[in-house]
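Single-letter residue listing:
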Amino acid sequence: MSSKESCRNELRSAIRQLSNRCLYSAAQWAAEQLVGIEQDPAKYTPTNTRFQRGSSSIRRRFRTNDITSTPVAGVSYVSTPVMEEDEVEDSDFYLLAKSYFDCREYRRAAHVLRDQTGRRSVFLRCYALYLAGEKRKEEEMIELEGPLGKSNAVNRELISLERELSTSWKNGTVDPFGLYLYGIVLKDKGNENLAHTVLVESVNSYPWNWNAWSELKSLCTSIDILNSLNLNNHWMKDYFLASAYQELRMHNESLTKYEYLQGTFSFSNYIQAQIAKAQYSLREFEQVEVIFEELLRNDPYRVDDMDMYSNVLYAKECFSALSYLAHRVFMTDKYRPESCCIIGNYYSLKGQHEKSVVYFRRALKLDKNYLSAWTLMGHEYVEMKNTPAAIDAYRRAVDINPRDYRAWYGLGQAYEMMHMPLYALHYFRKSVFLQPNDSRLWIAMAQCYETEQLHMLEEAIKCYRRAANCNDSEAIALNQLAKLHHALGRDEEAAFYYKKDLERMEAEEREGPNMVEALIFLATHCRAHGRFEEAEVYCTRLLDYTGPVSFTYLKNL
Amino acid sequence: MAGILKPPGAFAVTPHKVSVCILIQMYAPPAMMSVPFPFSSVAQHNRFGLYLFALTKSCDDIMEPKLDELINQLREIGDVLYQWLTDQLISRLSSLSSPDDLFNLFSDLRAILGGADLSAVDDEQVVLDPNSNLGMFVRRCLLAFNLLCFEGVCHLLTSIGIYCKEALSSCSAYELPCLDDSSNELEALSEYENMDLENIVFEKVNKEIEARKKASEEVSFHLHAPKALFGLVEDIKVSAVSKSQGGDKCREASPSAHAPNDAMREFDSISGAFLRTNWQMQGYLMEQADAIEKHGSSFSLNAFELILRQLQKLAPELHRVHFLRYLNSLYHDDYFAALENLHRYFDYSAGTEGFDFAQPSIGCNSFGRYEIALLCLGMMHFHFGHPKQALDVLTEAVCLSQQHSNDTCLAYTLAAISNLLSEIGISTTTGILGSSYSPITSIGTTLSVQQQLFVLLKESFRRAESLKLKRLVAANHLAMAKFDLTHVQRPLLSFGPKTAMRLRTCPTNVCKELRLASHLISDFVSESSTMTTDGAFSTSWLKNLQKPMGSLVLTQENVSGKDSNAFQFCAQPSSIPGSVLQLVGSSYLLRATAWEAYGSAPLTRVNTLIYATCFSDGSSLSDVALAHMKLIQHLAVFKGYKEAFSALKIAEEKFLSVSKSRILLLKLQLLHERSLHRGHLKLAQKVCDELGVMASSVTGVDMDLKTEASLRHARTLLAANQFSEAAAVAHSLFCMCYKFNLQVENASVLLLLAEIHKKSGNAVLGIPYALASLSFCQLLNLDLLKASATLTLAELWLSFGPNHAKMASNLIQQALPLILGHGGLELRARAFIAEAKCLLSDPSFSVSQNPEAVLDPLRQASEELQVLEYHELAAEAFYLIAIVSDKLGRLAEREEAAALFKEHVLALENENRQDEVDPLPSTP
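Residues numbered from 1 in each chain as written. Chains lettered and ligands numbered in written order. Predicted model: local features only at pLDDT ≥ 70, side-chain atom pairs only at ≥ 80, totals over all residues. Heavy atoms only, no water.

Helix and strand content of chain A: 30 helices and zero strands. Burial analysis of chain A (557 residues in total) assigns 52% to the buried set. Put simply, 57% of the contacts in chain A that link residues at least 6 apart link residues at least 24 apart. Per element, the accessible surface of chain A, about 25700 Å² overall, is 51% carbon and sulfur. (Helix = DSSP H or I, 4+ residues; strand = E, 2+ residues; numbered from the N terminus. Buried < 20%, exposed > 50% of the residue type's maximum accessible area, 1.4 Å probe, protein only. Contact = heavy atoms within 4.5 Å. Areas by Shrake-Rupley, 256 points an atom, 1.4 Å probe, with all protein chains shown as cover.)

Shown next as structure tokens:
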């Protein structure tokens, strides 16, 4: 990787260029990364680095392997020369247009720039037109909503923009920003292949525009597409790959990338949040919580990604922390889908499902394609025993993203609740297909097979076996396997699984009825097979639990 | 239901509706006398009114017509008026330039509606009744307009502008967007490429089908399957070619290249495309659903899918679309798409949208109606030939309907289960219906499949009757008839006092059930017409606009010299729903089948003919194909192969597109019969193999086909004199039939076994089989089969020698009336020959005294066998004639018979030699 100093310089000029072109979110992202680069303590006073140091100690607690210092072998980074601004002096018209743009008066901005030929002005004009079209589209979407929910509003500027940009692309007069704009126009028009090409060209010639990378990421729907992209080796590519891997559910690969990036950008909030996201998908809630606590300490008004934190708090049933978080985001910006979602989560945890639904609905009103809100709302409806509504909500989530295994699982559960196990199996199968390493899904499927209606025990056993093989955290599978084998009269298998279950319970220092059950079975089993010594061991252990039962057993021996 | 989108409202004002409103205003201008200004007669005025009515009702498309389409239709309803009406319409539409104009238009519109108190109005004045169809339409428009917010009014104004502009510059307007595209052809290329290609490929495929149709006239019958494969390959080539062509066209990007695809681009353009009303769309979808069901796989998959996709994009909350997509993929055998769409439909609609038998009055409780989902899923598995899964799912449906006390669904589910049990061979239901909760097992688990089926049928019938589900009652009658046809009823309980049961099937029961099923039609005649027929009427009327009508009501002024088709407008589609017609039709088809089994050829033919002539419009193509198949089979048996094959050619053209076609099966059957008769065994074997392929379980198990295939296999082996192999095949077939309770087939398999032993010269072994077959026939009332078994028995006795000739002769005399009345050519010939043989071997009979008693049947037999080209038996008949003539000293006759004998023997040898030389002979 290039040196920290060069990264810093690149980012600094990039931020300037991006904000000159009113690409604010990209500029914001770049600035975050800039501050995320570890400062050289020699140059700065302790006040500047104080909290950085304090926070890094927390982070290091969780760093398992220190790979940050090892560069990836065999990768040589190209250094893209920082682009020089072609218009050194800002024209007056540009200044006026930019100020209009900043006041969100896009059409006025575009109008002012109508005769300007500088590349920056041209881009700004096009971009302003694009945004004006988008704004009008959003409005029309609500105005034109037909009786059956039709929403065929489109951005009316797309056609003219596309014409202009494609001509200048062919003439070679378009700059990387223009290419980015051309890319999103193409994507909106559904011409994804060309959009790929154009966006790749854009990021290869100007890698610091994170917006372009994100658009490219959203086009990479499979690993094959990702691998086929012809990208220069810039350090921004690592950011891109990390987030693309995450999107493709390759969480471990993504984590490795992020941890590698942390070598340079050790204080980047963005990277931390992304690591938290990956850990969340890997169900490492403890780590996620620590990361988010740190994030909030550094950046207390952050709303991005906080819905995930609220999910973690929900799962850990931290009432007060969740309410605190909800209060905080509510005060910061109540009309963000994430905020609504957090409040919804809070009410759900409190058991007030009707209120929770209200907030999830609000989140969905703000963003119709907000996947997790649909799923969470489905969960709420399930709690409220309104299964048709739950099914509808889950189905919408699935239609937005057919790879959302939670929603498939939710659908399965809803149908199972309605005593339709056979119908539910279809959905469980889908969810298991997407997430084959999740023991909960396998257990749900097994329970479906086990129901009185189906009573397909062999299939249930197969599912439990899969669940046991993929690290069943709640330790249901082993016990169930033993029970089922016992019920089917296969005592050897049953003994095998009881023993395994026993070992596991010992390892995890858990006790309870399962322990007693396992011991009793094993004792009887051993006695029946004449292995009295073993039986005696089990009976003696039984003594610890229930006096009379074990006593009779011991006596019988 | 759970969606956060607003609940579907019914109606939105669109430019098209505005123009209809304007037209209505012209139809009934306020304060005008009985026939308002431009109309010259009452008839003309009425015709215009009818046109407006049709405009608001028809459901032929999902999109509202554009202005130029509307103008074209106006032109068709009247030459004189056309100019005035269009001018008025266009001028009024284009005068709308500000929101205020719209407000004024709608407030004027209010004036044409009569008040609630119609009696106060002058008789002569034209007033729109607010409760009439048109009145309601106007009122709904008014209401919808009043509900519009200012933005909505602005949008309406803009879209009216676009609507007018498109029509006025109809030619140039279409060129504009094309020119746009030409400047960025890359986009055009990729965006429209797929659609263009699909379209072109369709056309190509259609042409292909036609071409193939023509080609098939010269193609030999036998090679059908490989030809089809070859045709498939050609298809692929063709589409590849057209791909490059399409690409070229796009690259040229000339406006004309896009011309045929205007329909496609219309969908994409944002302006000017408005959906029709919810009611009209539902009607359209229902019509399409009927069409899919009727035409099966000949319905174009992709074209309709494209429309559905558009519809889904424009109306995401119209969940019915998913169901149509399910149907579409179901009938095109796309399992995964069907499954996916079915689940999606029920997830969204909870089974409460669009099922007419789910009466809303019983209430959409908060649970939804997911039992219907299970019912549909079960039927889907059934359709794809997964009986086990289907049964599992249907059992769950039974359980759920009981829980939600949805008796209607329960009745349908039980009917579906019994249908499944009767159609698909399941040897045993233990382990399938064995779980504790099902209603079936409460009777006891020892019931056989047949008994379970019987109980289910009764149960479903009882429920259907008490719920007054007329169609289901009729369907149950039919199922019951089917059951009675092939099953002997036994007492359900194996203990307790046994009533004396006649162990026979009951033809009277069958007859009774069939009659009851047909009563359905009279039930429906009195009912008011349903929504679809109403809409369909409007649609068909709109489609036939150009035909002027001088009908009874509207004669006076008959428009110029065209043929007046008086009943075009009066010929409403009948008020009987298609499903009823279908049911009644299938009762006739079942009648034909029943008579076929009982052995009355004329009645079979009559019933099939009734079906083919009266019910073929309303029923699905595959049923019509079945009827044709029966008729052609009849021809083959009674008139010989020549006529059958020429009829087959016609049928083939008609049903070319039906997949899983019975026509192919029929062709194979006919070919097999003929090659067996001609002694062309290699070909017979080949046909047999193809039948075996058809019966393989790739497309689901069809027990009938399976038994048919192995029966024919055994017969081929028998014809090749491989007796032990034939017997082995027949044996295993018998075991299978026994396992799956196929009693009727059992009878014919037993008869075949008897034949095998007869031909192998083992008459002693054959007799028990023949007797067993006889008793089966008696049990099931299979009269014709019984006659043929009797004949075989007689032949067996005859082969024991002259001592048993008397016995054999008696048997033949017994069977002869039925054989002469109903038997086919082969059976009759066999009977004649056997009769002659009996006489000849009877020591008390002397030929010279009564020569005609022998010669006459023999001559008859020889004639019939010549028609059939049954060389072997024909040779035998001529041989006998020659011998007898020789005895009688009739030399000329002897020579003639001997020559014919030689001819047939040579033909037979020739066929056999051909087998050796040419493995793939071309058949005429």
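Moving on from the coordinates now.
The next thing to look at is the packing of aromatic side chains. Here the structure, examined in full by the defined rule, presents 44 aromatic pairs over all chains. Considering the side-chain rings of Trp210(A) and Tyr270(A), the 5.9 Å spacing of their centres and the 75 degrees angle between planes classify their relative orientation as edge-to-face. Residue Trp210(A) is located in helix H10 (residues 210-219), and its partner Tyr270(A) is located in helix H14 (residues 269-281); the two are separated by 60 residues in the primary sequence. Tyr270(A) matches Trp210(A) in its accessibility class, with the two residues each being buried. One aromatic cluster in this structure is built from Phe101(A), Tyr106(A), Phe123(A), Tyr127(A), Phe177(A), Tyr206(A) and Trp208(A). One cation-aromatic arrangement involves Arg591(B) over Tyr588(B); the distance from NZ or CZ to the ring centre is 4.7 Å. (Phe/Tyr/Trp six-rings, centres within 6.5 Å; stacked < 30°, edge-to-face > 60°. Lys NZ or Arg CZ within 6 Å of the ring centre and 35° of its normal.)

All names here are of chain B. Here helix H19 (residues 407-423) is 17 residues long and its end C-alpha atoms lie 24 Å apart, about the 24 Å a rise of 1.5 Å per residue gives. With respect to burial, H19 is a largely interior element, twelve of its 17 residues being buried. Those residues of H19 that fall on the buried side of the exposure criterion are Thr 408, Cys 409, Leu 410, Ala 411, Thr 413, Leu 414, Ala 415, Ala 416, Ile 417, Ser 418, Leu 420 and Leu 421. (Expected span 1.5 Å × (residues − 1).)

As a further point, take the nonpolar core. Membership of the largest hydrophobic core comes to 132 residues, with the highest contact counts inside it found for Tyr415(A), Tyr423(A) and Met380(B). Sort the elements by how many residues they give to this core and helix H17 (residues 370-383) of chain B lands first, with nine residues. Leave out the neighbours within four places in its chain, and Met380(B) touches Tyr326(B), Leu330(B), Tyr335(B), Ala338(B), Leu339(B) and Leu342(B). Membership of the second largest hydrophobic core comes to 102 residues, among which are Leu158(A), Leu255(A), Ala278(A) and Tyr359(A). (Core = buried A, V, L, I, M, F, W, Y, C linked by side-chain atoms within 4.5 Å.)

A few words on the confidence of the model for chain B. Close reading of the predicted structure is inappropriate where its pLDDT is low. Residue and element names in this part refer to chain B. For chain B, the average pLDDT comes to 72, and 70% of its residues sit at 70 or higher. Residue range residues 354-366 is modelled with pLDDT below 50. Its contacts to residues more than four positions away, or to other chains, number 18 contacts. Confidence drops under pLDDT 50 across residues 528-533; counting only partners more than four residues distant or on other chains, this segment forms nine contacts. Across the predicted assembly, pTM comes out at 0.74 and ipTM at 0.77. (pLDDT = per-residue confidence, 0-100.)

The subject of this paragraph is the state of the cysteines. Here the structure, examined in full by the defined rule, presents zero disulfides over all chains. The thiol of Cys318(A) is unpaired, and the distance to the nearest cysteine sulfur, on Cys341(A), comes to 17 Å. Looking at Cys21(B), it has no disulfide partner, and the nearest cysteine sulfur is the one in Cys141(B), 3.6 Å off. (Disulfide = S-S within 2.5 Å.)

Residue and element names in this part refer to chain B. Notably, Ser 405 is not glycine yet its phi reads approximately 40 degrees, a positive angle. You can see Ser 405 is positioned in the loop between helix H18 (387-403) and H19. At Glu 869, a position not held by glycine, the phi torsion is positive, near 60 degrees. Locating Glu 869 in the fold gives a position in the loop between helix H39 (851-868) and helix H40 (871-888).

Turning next to the pattern of salt bridges. All names here are of chain B. Counting across every chain of the model gives 54 salt bridges over all chains. With a closest N to O distance of 3.5 Å, Arg 463 and Asp 407 form a salt bridge. In this pair, Arg 463 is assigned in helix H20 (residues 449-466) and Asp 407 in helix H19, connecting sequence segments 56 residues apart. By relative accessible area, which is 35% here, Asp 407 ends up partly exposed. Across the salt bridge formed by Glu 459 and Arg 462, the nearest N and O atoms sit 3.0 Å from each other. Of the two residues, Glu 459 and Arg 462 both sit in helix H20, three residues apart, roughly one turn of that helix. (Salt bridge = Lys/Arg side-chain N within 4 Å of Asp/Glu carboxyl O.)

With that settled, the discussion passes to helix H15 (residues 320-331) of chain B. All names here are of chain B. The terminal C-alpha atoms of H15 lie 17 Å apart, and with twelve residues this matches the ideal 16 Å at 1.5 Å per residue to within 8%. Taking burial as the measure, the twelve residues of H15 include eleven buried ones, the bulk of the element. If you check which residues of H15 are buried, you get Arg 320, Val 321, His 322, Phe 323, Leu 324, Arg 325, Tyr 326, Leu 327, Asn 328, Ser 329 and Leu 330.

On to the packing of H39(B) against H40(B), then. All names here are of chain B. Viewed as axis vectors pointing N to C, H39 and H40 meet at an angle of 150 degrees, and their least axial separation amounts to 9 Å. Taken together, H39 and H40 sit at an angle that is classed as roughly antiparallel. Relative to H40, H39 is oriented so that their crossing is left-handed. Residue-level inspection shows Pro 851, Val 854, Leu 855, Leu 858, Arg 859, Ser 862, Leu 865 and Gln 866 of H39 in contact with H40, the latter providing Leu 873, Ala 874, Ala 877, Phe 878, Leu 880, Ile 881, Val 884, Ser 885 and Leu 888. Class assignment of the residues belonging to the contact of H39 with H40 gives a composition of 13 nonpolar, three polar and one charged. (Axes fitted to C-alpha atoms, helices over the stretch in contact; angles between N-to-C directions. Parallel < 35°, antiparallel > 145°, perpendicular 65-115°, else oblique. Left-handed = near helix turned anticlockwise from the far one by under 90°. Nonpolar A, V, L, I, M, F, W, Y, C, P; charged D, E, K, R; others polar.)

Now for the side chain of Lys257(A). All names here are of chain A. Here Lys 257 is to be found in helix H13 (residues 251-261). With a relative accessible area of 17%, Lys 257 lands in the buried category. If we ignore the near neighbours within four places in the chain, the residues touching Lys 257 are Asp 238, Leu 241, Ala 242 and Tyr 245.

Position of Leu858(B) among the secondary structure elements: in helix H39. With residues near it in sequence (within four places) discarded, Leu858(B) still touches Ile833(B), Ala836(B), Ala877(B), Leu880(B) and Ile881(B).

Take Glu755(B): it is sitting in helix H34 (residues 743-759). The residues touching Glu755(B), leaving out its near neighbours within four places in the chain, are Leu718(B), Thr792(B) and Arg830(B).

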